[in-house]
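# Chains, contacts and geometry: an overview
Listed below are the residues making up each chain.
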Amino acid sequence: RRANEAQRAVRLERRFYVAPREITNAEFRRFRSSHRSGFILQTTLDLDALPVVNVSWQDAAAYCNWLSTEEGLTPAYENRGGKLVPVVPVTNGYRLPTEAEWEWIARGADGVMRKYPWGDTLPVPAGAGNFADRNAQPLVATFLPDLDDGYAATAPVGSFAPNPAGFLDLGGNVAEWAHDVYTVQPASTATAVDPVAAGDGVLRVIR
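Quick caveat, the model's predicted, so the values are computed rather than measured.

This part is about the overall build of the protein chain. Summing up its helical and strand segments, the protein chain has 3 helices and 10 strands in all. Ordered by position from the N terminus, the helices and strands of the protein chain form the series β-α-β-β-α-β-β-α-β-β-β-β-β. Taking 2.2 N^0.38 as the reference for a compact globule, 207 residues should give roughly 17 Å; the C-alpha atoms of the protein chain span a radius of gyration of 18 Å, in line with that estimate. Reported as C-alpha extents along the three principal axes, the dimensions of the protein chain are approximately 45 × 45 × 30 Å. Burial status across the protein chain gives 38% buried among its 207 residues. Sequence separation of 24 or more characterises 53% of the internal contacts of the protein chain that already satisfy a separation of 6 or more.

Right, here's the structure in full:
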């Protein structure tokens, strides 16, 4: 763990549903047709099957509200002072996963918490996901020279095997926004139940 990542016990009691994979450019453009994910050097990030990128937390929350409205659910975010903030208490609408929920779907299955989405050991095994492999050398300063996942930048959503819990791309490809405000949580021996760092902070958790 890094210095800003304190370990604590968590218990999830509230039921929740999570999409098994990342949102694609094509799906996001149903909400905002003008969106472009862009390029990294000469590599496009904008193909329909690639995961949507270059979206802010506000963009992600607005997309969740749009999905809720499309399906007749109560939006999970409300406009306050020109910014979307979480509705309290939670609604039945779409929202981003909390950091604790993200951890559970990324690393937990059958009551076991793994160190990584693919298991407990390094190096990253072949087929585990899209990481900064040897193909990414022109794009990033740090890369894995012994790994070849076949993609220099983003990979089409669902290109790799799911983790043991059945979710895709949580160990690689692109980062996900979480519901929580970013705060440094102190270490604690108390068990936190359905924790979420709430508030109007500018910074949000990225996993």
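In this structure, W57, A60, A61, A62, C64, A76, Y77, L84 and L96 together form the largest nonpolar core, which totals 9 residues. The element contributing the most residues to this core is helix α2 (residues 57–70), with 5 residues. Residues in contact with A61, not counting those within four places in the same chain, are Y77 and L84. By size, the runner-up hydrophobic cluster in this structure holds 6 residues, among which are V52, V55, Y63 and L67.

A few words on the pattern of salt bridges. What the rule picks out here adds up to 12 salt bridges. Of the charged contacts, one joins D46 and R36 as a salt bridge, the two residues approaching to 3.8 Å between their closest N and O atoms. Residue D46 is found in the loop between β3 (43–44) and α2, and its partner R36 is found in the loop between α1 (25–31) and β2 (39–40); the two are separated by 10 residues along the sequence. Taken together, the shared-partner salt bridges connect R29, R36, D46 and D48 into one network.

A few words on the environment of R21. Inspection of the secondary structure puts R21 in the loop between β1 (8–11) and α1. Residue classification places R21 among the partly exposed positions, given a relative accessible area of 34%. Spatially, the C-alpha atom of R21 lies 9.0 Å from that of P162, the residues being 141 residues apart in sequence. Excluding residues that lie within four positions of it along the chain, R21 makes contacts with E27, V157 and L168. A distance of 2.7 Å separates polar atoms of two side chains, one belonging to R21 and the other to E27.

Before going further, it helps to spend a moment on the side chain of H179. Relative to the assigned elements, H179 resides in strand β8 (residues 177–181). With near-sequence residues (within four places) excluded, H179 lies in contact with W57, Y77, P86, R95, L96, P97, T98, V196 and R204.

This brings us to unusual backbone geometry. The linkage connecting V88 with the following residue, P89, adopts the cis geometry, with an omega of 0 degrees. Assignment of secondary structure puts P89 in the loop between β5 (83–86) and α3 (99–107). Note that the residue after L122, namely P123, is joined by a cis bond; omega there is 10 degrees. Considering the arrangement of structural elements, one finds P123 in the loop between β7 (112–113) and β8. Of note, N173 is a non-glycine position whose phi angle comes to about 70 degrees, a positive value. As for its placement among the helices and strands, N173 is situated in the loop between β7 and β8.

Rules used in this analysis
- Residues numbered from 1 in each chain as written.
- Predicted model: local features only at pLDDT ≥ 70, side-chain atom pairs only at ≥ 80, totals over all residues.
- Heavy atoms only, no water.
- Helix = DSSP H or I, 4+ residues; strand = E, 2+ residues; numbered from the N terminus.
- Rg over C-alpha atoms; globule rule 2.2 N^0.38 Å.
- Buried < 20%, exposed > 50% of the residue type's maximum accessible area, 1.4 Å probe, protein only.
- Contact = heavy atoms within 4.5 Å.
- Core = buried A, V, L, I, M, F, W, Y, C linked by side-chain atoms within 4.5 Å.
- Salt bridge = Lys/Arg side-chain N within 4 Å of Asp/Glu carboxyl O.
- Polar contact = N/O pair within 3.5 Å; in protein donor to acceptor, adjacent residues only side chain to side chain.

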